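Each chain is listed here by its residues.
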Amino acid sequence: MTPAATLLAVLVLGQFDPYVRSRVTPGDDATQCLYWTQPSITWNQSSFGNPDTTSDTEFEAIRVAFQSWEDIFAACGNLTLRQGPVIDERKAGYLRGQQNQNVVLFRTKVCSALVAATDACWKAETCGNQYDCWDDDESTLAITLTTYDKRSGIIYDSDISFNASQYVFTTANGPTCFPPVTTNCVSTDVQNTATHEIGHFVGLDHTRLASSTMFPSAQAGEVSKRTIDSGSRDFVCSVYAKGGASQACLHPVMNDELGPKGGGCSATGASSLGPVLMAWVLWRRRRAREGRS
Ligand SMILES: [Zn+2]
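This write-up is about the structure you can find in this document. Since this is a predicted model, take the numbers as computed values, not measurements. (Residues numbered from 1 in each chain as written. Predicted model: local features only at pLDDT ≥ 70, side-chain atom pairs only at ≥ 80, totals over all residues. Heavy atoms only, no water.)

Regarding the pattern of salt bridges
The full count for this structure, using the stated rule, is six salt bridges. Among the ionic pairs, Arg 107 bridges to Asp 132, the shortest N-O distance being 2.7 Å. One end of the pair, Arg 107, is in strand 4 (residues 102–107); the other, Asp 132, is in the loop between helix 4 (127–131) and strand 5 (142–149), and 25 residues separate them in sequence. Under the relative-accessibility criterion, Arg 107 is labelled buried at 4%. You can call Asp 132 partly exposed: its relative accessible area is 21%. A salt bridge links Lys 225 to Glu 222, with the shortest nitrogen-to-oxygen separation between them at 2.7 Å. Among the residues examined, Glu 222 registers a relative accessible area of 16% and is labelled buried. If you follow the salt bridges from partner to partner, you end up with Arg 90, Arg 107 and Asp 132 in one network. (Salt bridge = Lys/Arg side-chain N within 4 Å of Asp/Glu carboxyl O. Helix = DSSP H or I, 4+ residues; strand = E, 2+ residues; numbered from the N terminus. Buried < 20%, exposed > 50% of the residue type's maximum accessible area, 1.4 Å probe, protein only.)

Listed below in structure tokens is the structure:
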């Protein structure tokens, strides 16, 4: 087998692993993995919630999704996922030198219907924050936008956005909704989606293993990802092993090696690099997108 064919085989097989860690360059084992090093991560829900979800039940569904990960961290991990207060924040991303929150929010309007095509925000990739709208692919269910140091892989901020402009998010149990959506059926389940996104939040990439919470797509009516699979559990127990340091994939890089490294804009694979981060060459953002299968 040629080296190229070997590499391809490894990459393809690797996609079916019990878990796949997010990397600075996705799928490239020569680059660092993404991981948190702080012992406690606070996350906040945006007070706006999702007006289309019945009786504000989306807040509880998201809390339960975080709790299912927190239960694993409590059993065998080294960090705590802590719910902070509900906040009015509507911006995803990371602003250096400012107070940043790991926010969970729903976008209920699509930017293409709100923002002129000539608006500079499109090129800057800031329309979503500027106009509080969904500015990514309209077929995407949700996005986890993670900001990390590209040398060390250390995560500094992660925000989860739900695409409520295109999908009806529900919290009920029951059969798959057949339009119209009622209160007793499942369309796009909040907890199912959130549990998957929180996997990205803690440093997991997709795996093609269909039984995994980190399988990259979800059918309408699906609730199976509410339950975290054994592979994703193993990720927590080994990468964030209780009593130990969070595990890098390459040689560890200390936090204090970070510092302002201004003087240019990194364009290396930074398809979602926004102006906020442009002056900060080390910082990159990663968008993990979900599709509907
Ligand atoms: Zn995903």
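Thoughts on the side chain of Thr 213
Mapped onto the elements of the fold, Thr 213 is located in the loop between strand 9 (204–205) and helix 6 (230–239). Looking at Thr 213, its side chain comes within polar contact range of the main-chain oxygen of Thr 227, at 3.2 Å. Excluding anything up to four places from it in sequence, Thr 213 contacts Thr 195, His 196, Lys 225, Thr 227, Ile 228, Asp 229 and Ser 232. (Polar contact = N/O pair within 3.5 Å; in protein donor to acceptor, adjacent residues only side chain to side chain. Contact = heavy atoms within 4.5 Å.)

Some remarks on the nonpolar core
Counting 41 residues, the largest nonpolar core has Ile 62, Phe 66, Leu 81, Phe 162, Phe 201 and Tyr 240 as its most contacted members. Elements represented by at least two residues in this core include exactly strand 2 (40–45), helix 2 (57–76), strand 4, strand 5, strand 6 (155–163), helix 5 (190–201) and helix 6. Apart from residues lying up to four places away in sequence, Ile 62 is in contact with Trp 43, Gln 45, Val 104, Phe 106, Phe 162, Val 190 and Ala 194. Within the second largest apolar cluster, five residues are counted, among which are Cys 111, Val 115, Cys 121 and Cys 127. (Core = buried A, V, L, I, M, F, W, Y, C linked by side-chain atoms within 4.5 Å.)

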